[in-house]
Amino acid sequence: MLFNSIQFLIFLPIVVLLYYMLAHKYRWVLLFVASCYFYASFIPQYLFILLGIILVDFFAAKAIAQTKEKRKKKRYLVISILATCSVLFVYKYFNFFSENVNALATFIGWNYSVGVLKWALPIGLSFHTFQSLSYVIEVYWGKQDPEKHLGIYATYVMFFPQLVAGPIERPQNLIPQFKERHPLLYQNLSIGFRIALLGFFKKMVIADNFALYVNEVFYSPDAFGGNMALLGAYFFAIQVYCDFSGYSDIAIGVARMMGFNLMVNFRQPLFSTSIIEFWRRWHISLSTWFRDYIYIPLGGNRVKGYRIYFNLFVVFLVSGVWHGAGWTYIIFGALQAVYISIEVLLLPATKRWNNKFKEWGLGKISNAIAWAITFHFVVFSFVIFRASDMQNAYDLFAAMSLDISSFVSQLQVLSAKVHDANLLRVPLVFLFTSLVLFSFIELVLFKVDATQLFSKTPKLVRWLGYYTIIVWILFFGMYETAPKFIYFQF
Amino acid sequence: MSSERKKIWSNLFLFLVPLVLGWATLFVLDGRERFRYFFPKYNCMGHSGWIYDMLNLIDRPVDIAFIGTSRTKDNLNDYILEQHLKGKGIDMNVLNLGYCRFGRNMHHMLAKRMLERWDLKHIILEINLKENWDGHEDFAYLAKNEELFFPVMIFNDNYLEDIFKASKARFDDMRSNVFGVEMLPPVHEDWIHGHFTDTTHADVNFLDRLAEEGKHIKKTEGVARWFRYQFSFRYIDKTIKMLEEKGCQIHFLYLPQYGLSRVPEEYDYFKKRGTVLIPPDSIYNNKYYWKDGSHMNEYGANAMSHWLKNELVAITQPPH
């Protein structure tokens, strides 16, 4: 069930209403059943895989906690990690692995032929496996008591708002919330609604409309001229941000309506002035997951010499692989590692220059330059992320140098193509107005926390703001042939 | 009720009022009917758009009309039938208004529209092995407000879905106006017959398999029958009453898929209400005439129309 579907608009109020009608001790049952229903609405059979992972990790964590012997604890941890990761490997990476081994075997003349599996990837598998793993690791480290109640643990892994695309929660944050009493509060409903509404706006108005243009440009990079190739790259950066952060906002908002506080997953990353800052603002729940469970155990930045670069490479390569089984994702990850390594190397020099700019009263200019450089590096890497393969990415970069003389006429051709393929499409003027509105909201959110947004505004103005966004979504959003959330595939 | 709950309910109510009013405005303004007929553009190859033009814009009277599913549309060539009648000196125009998918609410609505426009003499309604128990999936787009909100049974499976669909169609009409996008094609004045199919042939093994499966289909009886068919029966009875008031005769034409019983399950029900026409085995059992398990190809349509033309001549004769 997609968040931006009529089914969800019916499902959500029913669940929220029942949640507050039920006594506290039964609420987890409702959330568990609702989550099962939510997940089963995609592919029902895959519910069993999820339940399997839950059972393995629940009992592994229990065994870890009950065992005094360190070696045994480790053994249980390894069993749990292997079991969870093997599911991930079979469903997500086996075909990629097999194809590459086959290609290599053909290259060296070795007789190897392993077929591919024709199984669909369970939606959001990487998200809930990582959430489950974080629990077992935390128990192993002694930072989290094992959960005694299987139902609550299952609900922690399956909590429907964040089940298929995060935020990837930590047990310390989420599990206790299932045990807390959440009274029905106007404030929670209001804040939750507000955050979710912004998420719907990002997803349905910005991401889904931009996707139409992005798809055309990436499908035939050299068809519309250099300006459009570049515009397609910019549009994708905005699309992927709005798509994913829109999902997170809806998840956070929906959870908040029931009194749950999920972690913030995005903090306006497109305004970052360095790649390091970008990764502190982009997909925070995943970045911190890698930081806590891979980077720091590898020694983090407290290592000597060039080891830090090795650690960075490992983390970002794994991050790339996490996103998908494909060379484009691996190169995307490697590219981030290169960016950050260069940034770390140049850190003393950039600090010096920043200070100088500030002394000269040009701090804002230095920030603007840093932002522009960061943004373009991010856009560059996102082209590889989005491309169907490396050839496609190369074609798009190559197309950027083609005829760059007439922006307007190229845009007209692209727009006409989008309109041909999709009968009722938002005209460009409204699309760019939406982009301006979105940028304004992002700028405000850069300074103000989303929960505080509109909180001090008079009710009438606040409600007018809500109505404007609702009407805007209805008029300019896509809900008939809207694409799925990009991050569902991970 | 605690003050917090009161606050929530009152705010929720107040917040929803403008949204509900906005939604109601869609139905008050109602938009362009032609837009709604063209809205389900991917269903039945956009045939509903042509149906609108035929019912409203194309200047041609109709005397005999066929209503039914895609089987009616495919299996009956209204041009051949009309030419035959004219050849026999019967100056009547024939129209095939078959539209893909089942749903008696759609048939009732189309009959009503035709009666509003033409002095219709005969309607031939398609019947199948079993009656369908729910409404037509495109009814919502084509229905007028009163037909949508007050169907024969409020408690039907499609009621809320239909209202949602109808809202969407009206809203999209408004959106297309805001966007300044003209999405409607021009009227084709010369397209005056509704039949179309193709010349492909169904796989013979597939037809055999269907026939085998058809032997095991159980009759719907008792409470199940009463419960399942209420929606359809009520619409059929309402249609018949409406036609009687206008002096239009109703006849039924049995068009099952290949390999099913040669008599409809509800034969007695239909027999009480009009003539039931059952195509002969020579046509129905001829595998060459089928393009798939449900529809006939052009050869089948020709054969069927040539059989039906004599039946039509018979039913158009005044009673002695």
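Structural data are supplied above this passage.
Below is a summary of the structure that appears in this document.

Definitions and cut-offs
Residues numbered from 1 in each chain as written. Chains lettered and ligands numbered in written order. Predicted model: local features only at pLDDT ≥ 70, side-chain atom pairs only at ≥ 80, totals over all residues. Heavy atoms only, no water. Helix = DSSP H or I, 4+ residues; strand = E, 2+ residues; numbered from the N terminus. Rg over C-alpha atoms; globule rule 2.2 N^0.38 Å. Contact = heavy atoms within 4.5 Å. Areas by Shrake-Rupley, 256 points an atom, 1.4 Å probe, with all protein chains shown as cover. Buried < 20%, exposed > 50% of the residue type's maximum accessible area, 1.4 Å probe, protein only. Pairing = 2+ DSSP bridges. Axes fitted to C-alpha atoms, helices over the stretch in contact; angles between N-to-C directions. Disulfide = S-S within 2.5 Å. 1 Å grid on protein atoms, 1.4 Å probe; cavity = no way out; pocket = protein on both sides within 12 Å on 5 of 7 lines; lining within 4 Å. Points joined across faces, edges and corners; volume = space filled by probe spheres on them. Nonpolar A, V, L, I, M, F, W, Y, C, P; charged D, E, K, R; others polar. Expected span 1.5 Å × (residues − 1). Bend = angle between axes of the 7 residues up to and from the residue. Parallel < 35°, antiparallel > 145°, perpendicular 65-115°, else oblique. Left-handed = near helix turned anticlockwise from the far one by under 90°. Arc of directions from axis to C-beta. Lys, Arg positive; Asp, Glu negative; His and termini not counted. Salt bridge = Lys/Arg side-chain N within 4 Å of Asp/Glu carboxyl O. Core = buried A, V, L, I, M, F, W, Y, C linked by side-chain atoms within 4.5 Å. Buried area = accessible area lost by both parts, 1.4 Å probe. Polar contact = N/O pair within 3.5 Å; in protein donor to acceptor, adjacent residues only side chain to side chain. Phe/Tyr/Trp six-rings, centres within 6.5 Å; stacked < 30°, edge-to-face > 60°. Lys NZ or Arg CZ within 6 Å of the ring centre and 35° of its normal.

### Some details on the overall build of chain B
For chain B, the count of helices and strands is 14 helices and five strands. In terms of C-alpha radius of gyration, chain B reaches 22 Å, essentially the compact-globule figure of 20 Å for 320 residues. Across its three principal directions, the C-alpha atoms of chain B cover 75 × 45 × 45 Å. Counting only contacts in chain B whose residues sit at least 6 apart along the sequence, the fraction spanning at least 24 positions is 81%. Carbon together with sulfur atoms contributes 57% to the accessible area of chain B, which is approximately 14900 Å² in total.

### Focus: the overall build of chain A
Within chain A, the regular secondary structure consists of 18 helices and zero strands. Computed over its C-alpha atoms, the radius of gyration of chain A comes to 24 Å, within 12% of the 23 Å expected for a compact globule of 490 residues. With respect to the three principal axes, the spread of C-alpha positions in chain A is 70 × 70 × 55 Å. Each of the 490 residues in chain A was classed as buried or not, and the buried ones make up 56%.

### Focus: the sheet that holds strand β5 (residues 275–277) of chain B
All names here are of chain B. Reading across from one edge, β2-β1-β3-β4-β5 is the order of the five strands in this open sheet, with parallel pairing throughout. Taken across any chain shown, the strands that pair with only one partner, and hence form the sheet edges, are β2 (94–96) and β5. On average, adjacent strands in this sheet sit at an angle of 20° to one another, irrespective of strand direction. When strand β1 (residues 64–67) meets β2, the two strands line up parallel, connected through three bridges. Following the sheet pairing, Phe66 is matched in β2 by Asn96.

### Examining the state of the cysteines
Residue and element names in this part refer to chain B. Under the criterion given, the structure shown has one disulfide over all chains. Here Cys44 connects covalently by a disulfide to Cys100, the sulfurs 2.0 Å from one another. Sign of the S-S torsion, about 70° for the bond between Cys44 and Cys100, identifies this disulfide as right-handed. Highlighted residues: Cys44 in the loop between α2 (33–38) and α3 (47–57) and Cys100 in the loop between β2 and α6 (104–117), separated in sequence by 56 residues. Across this residue pair, the class does not change: Cys44 and Cys100 are buried.

### As for the layout of surface pockets
All names here are of chain A. As a volume, the second largest pocket reaches approximately 1500 Å³. Where the lining of the second largest pocket is concerned, the elements lending two or more residues are α10 (275–281), α11 (284–295), α12 (307–323), α13 (327–359) and α14 (363–386). The element best represented in the lining of the second largest pocket is α13, accounting for 14 residues. Classifying every residue of the lining of the second largest pocket gives 25 nonpolar, 13 polar and seven charged.

### Observations regarding empty space enclosed by the protein
Under the criterion given, the structure shown has five cavities of 30 Å³ or more. Its volume calculated, the largest cavity comes out at about 50 Å³. Residue composition of the lining of the largest cavity, by class: one nonpolar, six polar and four charged. The volume enclosed by the second largest cavity comes to roughly 40 Å³.

### What to know about helix α11 (residues 222–245) of chain B
Because each turn of an α-helix spans 3.6 residues, side chains separated by three or four positions end up pointing in the same direction. Residues and elements named next belong to chain B. Here α11 contains 24 residues, and its C-alpha end-to-end distance of 32 Å stays within 8% of the 34 Å for a straight helix at 1.5 Å per residue. A bend of about 55° at Gln230 is the largest found in α11. Of the residues flanking the end of α11, it is Gly247, one or two places downstream, whose phi is positive at about 70°.

### Thoughts on the packing of helix α2 (residues 24–40) of chain A against helix α6 (residues 150–158) of chain A
All names here are of chain A. Axis separation between α2 and α6 bottoms out at 9 Å; the angle between their running directions is 45°. Taken together, the axis directions place α2 and α6 in an arrangement best described as oblique. Where α2 crosses over α6, the two elements pack in a sense that is left-handed. Taken together, the residues of α6 that come into contact with α2 (itself represented by Trp28, Leu31, Phe32, Ser35 and Cys36) are Gly151, Ile152, Ala154, Thr155 and Met158. Split into classes, the residues belonging to the contact of α2 with α6 amount to seven nonpolar, three polar and no charged.

### Things to note about helix α15 (residues 390–399) of chain A
Residues and elements named next belong to chain A. All buried positions along α15 are accounted for by Asn392, Ala393, Leu396 and Ala399. Axial view of α15: buried residues confined to an arc of 130°, hence all on one face. For α15, the elements touching its buried residues are α8 (186–219), α9 (226–257) and α14.

### Notes on the side chain of Asp162 of chain B
All names here are of chain B. Among the secondary structure elements, Asp162 is positioned in helix α9 (residues 159–179). Here Asp162 is buried and forms no salt bridge, its nearest opposite-charge partner Lys165 lying at an N-O distance of 4.9 Å. Here Asp162 is in contact with His136, Phe139, Ala140 and Leu148, once residues within four sequence places are set aside.

### Some thoughts on the nonpolar core
Ranked by size, the top nonpolar core spans 251 residues in total, and within it Phe38, Phe160, Met258 and Phe382 of chain A together with Met114 of chain B carry the most contacts. In this structure, Phe38 of chain A is in contact with Met1, Phe3, Phe8, Phe11, Phe160, Leu163 and Val164 of chain A, ignoring residues within four places of it in sequence.

### Details of the side chain of Arg194 of chain A
Residues and elements named next belong to chain A. Looking at the element boundaries, Arg194 is found in helix α8. Despite being buried, Arg194 has no salt bridge partner; Asp449 is the closest side chain of opposite charge, sitting 8.4 Å away. With near-sequence residues (within four places) excluded, Arg194 lies in contact with Thr451, Gln452, Leu453, Phe454, Ser455, Arg462 and Tyr466.

### Re the interface of chain A and chain B
Counting residues at the interface gives 26 residues for chain A, matched by 22 residues for chain B. Interface of chain A and chain B: buried area, both sides summed, is about 2200 Å²; carbon and sulfur atoms make up 75% of it. Inspection of the chain A/chain B interface yields zero salt bridges. Linking chain A with chain B are six residue pairs in polar contact (both at pLDDT 80 or more), by the criterion used here. Going through the elements one at a time, α1 (6–21), α8 and α18 (459–476) of chain A are the ones with two or more residues in the side of chain A that touches chain B. Looking at side-chain class alone, the side of chain A that touches chain B contains 21 nonpolar, two polar and three charged residues.

### Side note on the packing of aromatic side chains
Enumeration over the complete set of coordinates arrives at 88 aromatic pairs over all chains. Taking 5.8 Å as the distance between ring centres and 20° as the angle between the ring planes, the aromatic pair formed by Tyr234 of chain A and Phe375 of chain A counts as stacked. Residue Tyr234 of chain A is found in helix α9, and its partner Phe375 of chain A is found in helix α14; the two are separated by 141 residues along the sequence. By relative accessible area, which is 23% here, Tyr234 of chain A ends up partly exposed. Positioned over the ring face of Trp322 of chain A is Lys92 of chain A, at 5.4 Å from the centre of the ring. In this structure, Arg262 of chain B is placed above the aromatic ring of Tyr284 of chain B, and the distance from its NZ or CZ to the ring centre is 3.9 Å.

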